[in-house]
Amino acid sequence: MTQEPHKNPDLELQNGSKAEHPALSKDDEVKLAMGWLHTARFLTTAAQLHHLPAYDLPEVAFVGRSNAGKSTCINTMTQQKRLAYASKPPGRTQHINLFALGRQAQTDAVLADLPGYGYAAVPKQDKIRWQQVMANYLMTRPNLKGIVLLCDPRLGLTELDEILLDIMRPRVMDGLQFLVLLTKSDKLNRTDAQKALSITRLQAGGGEVQLFSALKRQGLDEVALKLWHWTHPKGLATESTTLEP
Ligand code: GDP
(Lines give C-alpha, C1' and ligand atoms only; values in the text may rest on other atoms or scores of the structure.)
Protein backbone atom coordinates (compact mmCIF):
# COMPACT_ATOMS: atom_id res chain seq x y z
CA MET A 1 0.00 0.00 0.00
CA THR A 2 1.30 3.45 -0.87
CA GLN A 3 0.31 6.60 0.91
CA GLU A 4 1.37 9.06 -1.74
CA PRO A 5 -1.02 11.86 -2.57
CA HIS A 6 -2.63 11.95 -6.03
CA LYS A 7 -0.66 13.55 -8.81
CA ASN A 8 -3.57 14.04 -11.16
CA PRO A 9 -3.34 17.76 -12.09
CA ASP A 10 -7.00 18.25 -11.23
CA LEU A 11 -6.48 16.71 -7.85
CA GLU A 12 -3.14 18.38 -7.30
CA LEU A 13 -4.86 21.69 -7.79
CA GLN A 14 -6.92 20.96 -4.73
CA ASN A 15 -4.19 19.15 -2.83
CA GLY A 16 -6.43 18.11 0.01
CA SER A 17 -9.93 17.58 1.25
CA LYS A 18 -12.43 20.05 2.54
CA ALA A 19 -11.46 19.00 6.04
CA GLU A 20 -7.86 19.98 5.39
CA HIS A 21 -8.80 23.04 3.31
CA PRO A 22 -11.99 24.48 4.71
CA ALA A 23 -11.94 27.21 2.05
CA LEU A 24 -12.49 24.74 -0.80
CA SER A 25 -15.65 25.89 -2.55
CA LYS A 26 -18.45 23.50 -3.49
CA ASP A 27 -17.63 24.06 -7.17
CA ASP A 28 -14.02 23.06 -6.56
CA GLU A 29 -15.15 19.99 -4.64
CA VAL A 30 -17.46 18.98 -7.48
CA LYS A 31 -14.63 19.45 -9.98
CA LEU A 32 -12.38 17.30 -7.84
CA ALA A 33 -15.00 14.56 -7.50
CA MET A 34 -15.88 14.60 -11.21
CA GLY A 35 -12.20 14.44 -12.19
CA TRP A 36 -11.79 11.46 -9.91
CA LEU A 37 -14.85 9.66 -11.34
CA HIS A 38 -13.52 10.24 -14.85
CA THR A 39 -10.55 8.00 -14.00
CA ALA A 40 -12.88 4.95 -13.84
CA ARG A 41 -11.60 1.94 -15.77
CA PHE A 42 -12.58 -1.68 -16.01
CA LEU A 43 -10.97 -3.80 -13.33
CA THR A 44 -12.54 -7.22 -13.37
CA THR A 45 -15.75 -9.18 -13.72
CA ALA A 46 -17.10 -12.14 -11.76
CA ALA A 47 -20.15 -14.37 -12.12
CA GLN A 48 -19.85 -15.62 -8.57
CA LEU A 49 -19.05 -13.89 -5.35
CA HIS A 50 -16.09 -16.07 -4.46
CA HIS A 51 -14.50 -15.15 -7.80
CA LEU A 52 -14.56 -11.50 -6.86
CA PRO A 53 -11.12 -10.39 -5.67
CA ALA A 54 -10.85 -9.06 -2.14
CA TYR A 55 -9.64 -5.47 -2.05
CA ASP A 56 -8.66 -3.34 0.87
CA LEU A 57 -10.27 -0.32 -0.77
CA PRO A 58 -13.65 1.34 -0.28
CA GLU A 59 -16.23 -0.04 -2.70
CA VAL A 60 -19.53 1.51 -3.81
CA ALA A 61 -22.15 -0.69 -5.46
CA PHE A 62 -24.75 0.37 -8.02
CA VAL A 63 -27.88 -1.78 -7.94
CA GLY A 64 -31.32 -1.61 -9.51
CA ARG A 65 -33.94 -3.26 -11.69
CA SER A 66 -32.94 -3.72 -15.29
CA ASN A 67 -33.88 -0.67 -17.30
CA ALA A 68 -33.74 1.57 -14.21
CA GLY A 69 -31.01 3.62 -15.91
CA LYS A 70 -28.02 2.17 -14.04
CA SER A 71 -25.65 1.87 -17.02
CA THR A 72 -26.56 5.36 -18.20
CA CYS A 73 -25.95 6.71 -14.70
CA ILE A 74 -22.52 5.05 -14.38
CA ASN A 75 -21.48 6.21 -17.84
CA THR A 76 -22.71 9.75 -17.13
CA MET A 77 -21.00 9.96 -13.75
CA THR A 78 -17.71 8.66 -15.14
CA GLN A 79 -18.08 10.71 -18.34
CA GLN A 80 -17.46 7.63 -20.43
CA LYS A 81 -19.67 6.41 -23.21
CA ARG A 82 -19.44 2.68 -22.76
CA LEU A 83 -17.92 1.83 -19.42
CA ALA A 84 -21.13 0.16 -18.28
CA TYR A 85 -22.97 -1.37 -21.18
CA ALA A 86 -26.57 -0.35 -21.60
CA SER A 87 -28.99 -2.87 -23.10
CA LYS A 88 -26.82 -5.88 -22.36
CA PRO A 89 -28.18 -9.22 -23.48
CA PRO A 90 -29.72 -10.95 -20.41
CA GLY A 91 -27.12 -13.75 -20.44
CA ARG A 92 -24.31 -11.27 -19.96
CA THR A 93 -25.93 -9.35 -17.17
CA GLN A 94 -25.29 -11.97 -14.49
CA HIS A 95 -21.88 -10.58 -13.67
CA ILE A 96 -20.59 -8.18 -11.09
CA ASN A 97 -18.32 -5.73 -12.90
CA LEU A 98 -15.74 -3.79 -10.95
CA PHE A 99 -14.22 -0.49 -12.02
CA ALA A 100 -11.14 1.09 -10.47
CA LEU A 101 -11.12 4.74 -9.46
CA GLY A 102 -8.15 6.99 -8.84
CA ARG A 103 -5.11 7.76 -10.88
CA GLN A 104 -3.56 4.78 -12.70
CA ALA A 105 -1.52 2.71 -10.26
CA GLN A 106 -2.99 4.69 -7.37
CA THR A 107 -6.44 3.21 -7.21
CA ASP A 108 -8.24 4.51 -4.16
CA ALA A 109 -11.77 3.15 -4.58
CA VAL A 110 -13.82 0.63 -6.54
CA LEU A 111 -17.21 0.91 -8.24
CA ALA A 112 -19.23 -2.29 -8.43
CA ASP A 113 -21.90 -2.56 -11.14
CA LEU A 114 -24.30 -5.28 -10.03
CA PRO A 115 -26.55 -6.83 -12.67
CA GLY A 116 -30.02 -5.43 -13.10
CA TYR A 117 -32.74 -7.64 -11.67
CA GLY A 118 -36.39 -8.19 -12.48
CA TYR A 119 -35.85 -8.80 -16.17
CA ALA A 120 -38.88 -10.90 -17.09
CA ALA A 121 -37.21 -13.09 -19.72
CA VAL A 122 -34.58 -14.52 -17.34
CA PRO A 123 -35.28 -18.16 -16.39
CA LYS A 124 -36.51 -18.60 -12.81
CA GLN A 125 -33.48 -20.64 -11.74
CA ASP A 126 -31.14 -17.89 -12.92
CA LYS A 127 -33.19 -15.29 -11.09
CA ILE A 128 -32.99 -17.21 -7.83
CA ARG A 129 -29.28 -17.85 -8.23
CA TRP A 130 -28.71 -14.21 -8.98
CA GLN A 131 -30.71 -13.02 -5.99
CA GLN A 132 -28.53 -15.19 -3.79
CA VAL A 133 -25.32 -13.76 -5.27
CA MET A 134 -26.66 -10.27 -4.79
CA ALA A 135 -27.82 -10.90 -1.22
CA ASN A 136 -24.48 -12.47 -0.31
CA TYR A 137 -22.59 -9.60 -1.89
CA LEU A 138 -24.59 -6.99 0.02
CA MET A 139 -24.38 -8.87 3.28
CA THR A 140 -20.77 -9.97 3.23
CA ARG A 141 -18.60 -7.80 0.97
CA PRO A 142 -16.20 -6.52 3.64
CA ASN A 143 -15.01 -3.34 1.90
CA LEU A 144 -18.48 -2.21 0.81
CA LYS A 145 -18.87 1.42 1.93
CA GLY A 146 -21.97 2.52 0.09
CA ILE A 147 -24.88 1.47 -2.09
CA VAL A 148 -26.62 3.47 -4.78
CA LEU A 149 -30.03 2.01 -5.57
CA LEU A 150 -31.45 3.23 -8.87
CA CYS A 151 -35.17 3.35 -9.32
CA ASP A 152 -37.40 4.53 -12.15
CA PRO A 153 -39.84 6.77 -10.25
CA ARG A 154 -42.63 5.98 -12.68
CA LEU A 155 -42.49 2.41 -11.34
CA GLY A 156 -41.41 3.23 -7.80
CA LEU A 157 -39.66 0.77 -5.54
CA THR A 158 -40.80 -2.70 -6.51
CA GLU A 159 -40.94 -5.93 -4.52
CA LEU A 160 -37.40 -6.86 -5.54
CA ASP A 161 -36.12 -3.44 -4.48
CA GLU A 162 -37.85 -3.89 -1.12
CA ILE A 163 -36.21 -7.29 -0.67
CA LEU A 164 -32.83 -5.66 -1.28
CA LEU A 165 -33.65 -2.87 1.18
CA ASP A 166 -34.44 -5.51 3.81
CA ILE A 167 -31.21 -7.34 3.10
CA MET A 168 -29.06 -4.24 3.40
CA ARG A 169 -30.88 -2.70 6.38
CA PRO A 170 -28.62 -4.25 9.07
CA ARG A 171 -25.53 -2.96 7.31
CA VAL A 172 -27.05 0.47 6.78
CA MET A 173 -27.82 0.57 10.53
CA ASP A 174 -24.19 -0.36 10.98
CA GLY A 175 -22.96 2.65 9.01
CA LEU A 176 -23.11 1.57 5.37
CA GLN A 177 -23.91 4.61 3.21
CA PHE A 178 -27.06 4.38 1.15
CA LEU A 179 -28.65 6.54 -1.55
CA VAL A 180 -31.72 6.01 -3.71
CA LEU A 181 -31.58 7.74 -7.09
CA LEU A 182 -34.90 8.39 -8.80
CA THR A 183 -33.71 8.22 -12.39
CA LYS A 184 -35.03 9.75 -15.62
CA SER A 185 -36.44 12.64 -13.57
CA ASP A 186 -36.74 14.63 -16.79
CA LYS A 187 -39.84 12.55 -17.47
CA LEU A 188 -41.62 13.86 -14.36
CA ASN A 189 -43.25 17.23 -13.81
CA ARG A 190 -42.44 19.09 -10.61
CA THR A 191 -45.48 17.81 -8.69
CA ASP A 192 -44.92 14.18 -9.62
CA ALA A 193 -41.23 14.50 -8.80
CA GLN A 194 -42.03 15.81 -5.31
CA LYS A 195 -44.59 13.04 -4.81
CA ALA A 196 -42.09 10.38 -5.90
CA LEU A 197 -39.48 11.81 -3.52
CA SER A 198 -41.87 11.77 -0.54
CA ILE A 199 -43.14 8.24 -1.18
CA THR A 200 -39.68 6.81 -1.77
CA ARG A 201 -38.30 8.52 1.34
CA LEU A 202 -40.95 6.79 3.40
CA GLN A 203 -40.27 3.44 1.74
CA ALA A 204 -36.52 3.85 2.16
CA GLY A 205 -36.99 4.22 5.90
CA GLY A 206 -35.51 7.69 6.12
CA GLY A 207 -32.61 6.90 3.78
CA GLU A 208 -31.42 9.54 1.38
CA VAL A 209 -33.35 9.89 -1.86
CA GLN A 210 -32.68 12.29 -4.73
CA LEU A 211 -33.71 12.96 -8.31
CA PHE A 212 -31.33 12.13 -11.12
CA SER A 213 -31.49 12.73 -14.85
CA ALA A 214 -28.64 11.81 -17.16
CA LEU A 215 -30.50 13.55 -19.98
CA LYS A 216 -30.94 16.87 -18.17
CA ARG A 217 -27.82 16.39 -16.06
CA GLN A 218 -29.81 16.81 -12.86
CA GLY A 219 -28.30 15.59 -9.58
CA LEU A 220 -24.84 14.79 -10.98
CA ASP A 221 -22.93 17.13 -8.68
CA GLU A 222 -24.62 15.76 -5.56
CA VAL A 223 -23.93 12.16 -6.55
CA ALA A 224 -20.28 12.92 -7.37
CA LEU A 225 -19.78 14.61 -3.99
CA LYS A 226 -21.45 11.75 -2.15
CA LEU A 227 -19.35 9.06 -3.83
CA TRP A 228 -16.22 11.08 -3.17
CA HIS A 229 -16.96 11.65 0.51
CA TRP A 230 -18.13 8.07 1.12
CA THR A 231 -14.81 6.75 -0.15
CA HIS A 232 -12.55 9.52 1.18
CA PRO A 233 -13.69 10.13 4.72
CA LYS A 234 -10.27 11.48 5.63
CA GLY A 235 -9.71 13.46 2.47
CA LEU A 236 -7.10 12.87 -0.19
CA ALA A 237 -4.51 11.33 2.06
CA THR A 238 -6.36 8.00 2.12
CA GLU A 239 -4.63 4.84 1.11
CA SER A 240 -4.31 3.99 -2.54
CA THR A 241 -2.92 0.91 -4.12
CA THR A 242 -1.88 -0.70 -7.36
CA LEU A 243 -4.40 -3.18 -8.66
CA GLU A 244 -3.67 -3.22 -12.35
CA PRO A 245 -0.80 -5.15 -13.87
P1 GDP B 1 -30.08 -0.29 -17.03
O2 GDP B 1 -30.73 -1.52 -17.59
O3 GDP B 1 -30.52 -0.03 -15.63
O4 GDP B 1 -28.61 -0.26 -17.21
O5 GDP B 1 -30.72 0.95 -17.84
P6 GDP B 1 -30.14 1.80 -19.06
O7 GDP B 1 -29.06 2.71 -18.59
O8 GDP B 1 -29.83 0.88 -20.18
O9 GDP B 1 -31.41 2.71 -19.39
C10 GDP B 1 -32.66 2.15 -19.71
C11 GDP B 1 -33.39 3.10 -20.64
O12 GDP B 1 -33.66 4.33 -19.98
C13 GDP B 1 -32.59 3.45 -21.90
O14 GDP B 1 -33.47 3.54 -22.99
C15 GDP B 1 -32.02 4.83 -21.57
O16 GDP B 1 -31.80 5.62 -22.71
C17 GDP B 1 -33.13 5.42 -20.71
N18 GDP B 1 -32.61 6.42 -19.78
C19 GDP B 1 -31.59 6.27 -18.92
N20 GDP B 1 -31.36 7.41 -18.23
C21 GDP B 1 -32.26 8.31 -18.68
C22 GDP B 1 -32.55 9.70 -18.35
O23 GDP B 1 -31.91 10.34 -17.50
N24 GDP B 1 -33.60 10.27 -19.00
C25 GDP B 1 -34.34 9.60 -19.92
N26 GDP B 1 -35.36 10.25 -20.49
N27 GDP B 1 -34.08 8.33 -20.28
C28 GDP B 1 -33.07 7.67 -19.66
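Here, the structure is the one placed above.
In this text, all values refer to a predicted model and were calculated from it rather than measured experimentally.

Engineer: Break down the sheet that holds strand S5 (residues 144-151) for me, with residues and values.
Structural biologist: Spatial strand order, S1-S3-S4-S2-S5-S6-S7: 7 strands in an open sheet with mixed pairing. Single-partner strands in this sheet number two, and they are strand S1 (41-46) and strand S7 (208-211). Taking each pair of neighbouring strands and ignoring which way they run, the sheet shows an average axis angle of 25°. Inspection of the sheet shows strand S6 (residues 177-182) paired to S7 by 4 bridges, in the parallel sense. Across the sheet, the residue bridging to Val-180 is Val-209, located in S7. Strands S6 and S7 of the sheet are contacted by helix H6 (residues 190-203), whose axis makes an angle of about 160° with S7.

Engineer: Break down unusual backbone geometry for me, citing the residues and quoting the values.
Structural biologist: In this structure, Ala-105 is a non-glycine residue whose phi angle is positive, near 70°. Of note in this structure, Arg-217 is not a glycine but carries a positive phi near 55°. Mapping Arg-217 onto the fold places it in the loop between S7 and helix H7 (220-231).

Engineer: So what about the packing of aromatic side chains? Which residues, and what values?
Structural biologist: Going through the model one piece at a time under the given rule, you end up with 2 aromatic pairs. Between Trp-36 and Trp-228 the ring centres are 5.3 Å apart and the planes differ by 80°, which places this aromatic pair in the edge-to-face class. With Trp-36 in helix H2 (residues 26-37) and Trp-228 in helix H7, this pair connects stretches of sequence that are 192 residues apart. Across the pair, exposure class does not vary: Trp-36 and Trp-228 are buried alike. Seen in terms of ring centroids, Phe-42 and Phe-99 are 6.3 Å apart; in terms of plane orientation they differ by 70°. Their pairing is edge-to-face.

Engineer: Can you lay out the pattern of salt bridges for me, pointing to particular residues and giving the numbers?
Structural biologist: Summed over all chains, the structure comprises 6 salt bridges. As a salt-bridge pair, Arg-141 and Glu-59 come within 2.9 Å of each other at their nearest N and O atoms. Pair noted here: Arg-141 is in the loop between helix H4 (124-140) and S5 and Glu-59 is in strand S2 (residues 59-64), with a separation of 82 residues, a long-range link. The pair formed by Arg-141 and Glu-59 is uniform in burial state, with each residue classed as buried.

Engineer: Lay out H2 in plain terms, naming residues and giving numbers.
Structural biologist: Under the 1.5 Å per step criterion, the end-to-end length of H2 is 16 Å for 12 residues, consistent within 8% with the ideal 16 Å. All of the buried residues along H2 are Glu-29, Val-30, Leu-32, Ala-33, Met-34, Gly-35, Trp-36 and Leu-37.

Engineer: A description of the site of the ligand should follow, citing residues and the corresponding values.
Structural biologist: Around the ligand, a shell composed of 16 residues is seen, among which Asn-67, Ser-71, Thr-72, Asp-186 and Ala-214 lie nearest. Here an oxygen atom of the ligand sits 3.1 Å away from a polar atom, N or O, in the main chain of Ala-68. Separating an oxygen atom of the ligand from a backbone N or O atom of Leu-215 is a distance of 3.3 Å. Coverage of the ligand by the protein chains reaches 74% of its 580 Å² of free accessible surface. Looking at the shell around the ligand residue by residue, the class counts come to 4 nonpolar, 7 polar and 5 charged.

Conventions adopted
Residues numbered from 1 in each chain as written. Predicted model: local features only at pLDDT ≥ 70, side-chain atom pairs only at ≥ 80, totals over all residues. Heavy atoms only, no water. Pairing = 2+ DSSP bridges. Helix = DSSP H or I, 4+ residues; strand = E, 2+ residues; numbered from the N terminus. Axes fitted to C-alpha atoms, helices over the stretch in contact; angles between N-to-C directions. Contact = heavy atoms within 4.5 Å. Phe/Tyr/Trp six-rings, centres within 6.5 Å; stacked < 30°, edge-to-face > 60°. Buried < 20%, exposed > 50% of the residue type's maximum accessible area, 1.4 Å probe, protein only. Salt bridge = Lys/Arg side-chain N within 4 Å of Asp/Glu carboxyl O. Expected span 1.5 Å × (residues − 1). Near = heavy atom within 4 Å. Polar contact = N/O pair within 3.5 Å; in protein donor to acceptor, adjacent residues only side chain to side chain. Areas by Shrake-Rupley, 256 points an atom, 1.4 Å probe, with all protein chains shown as cover. Nonpolar A, V, L, I, M, F, W, Y, C, P; charged D, E, K, R; others polar.

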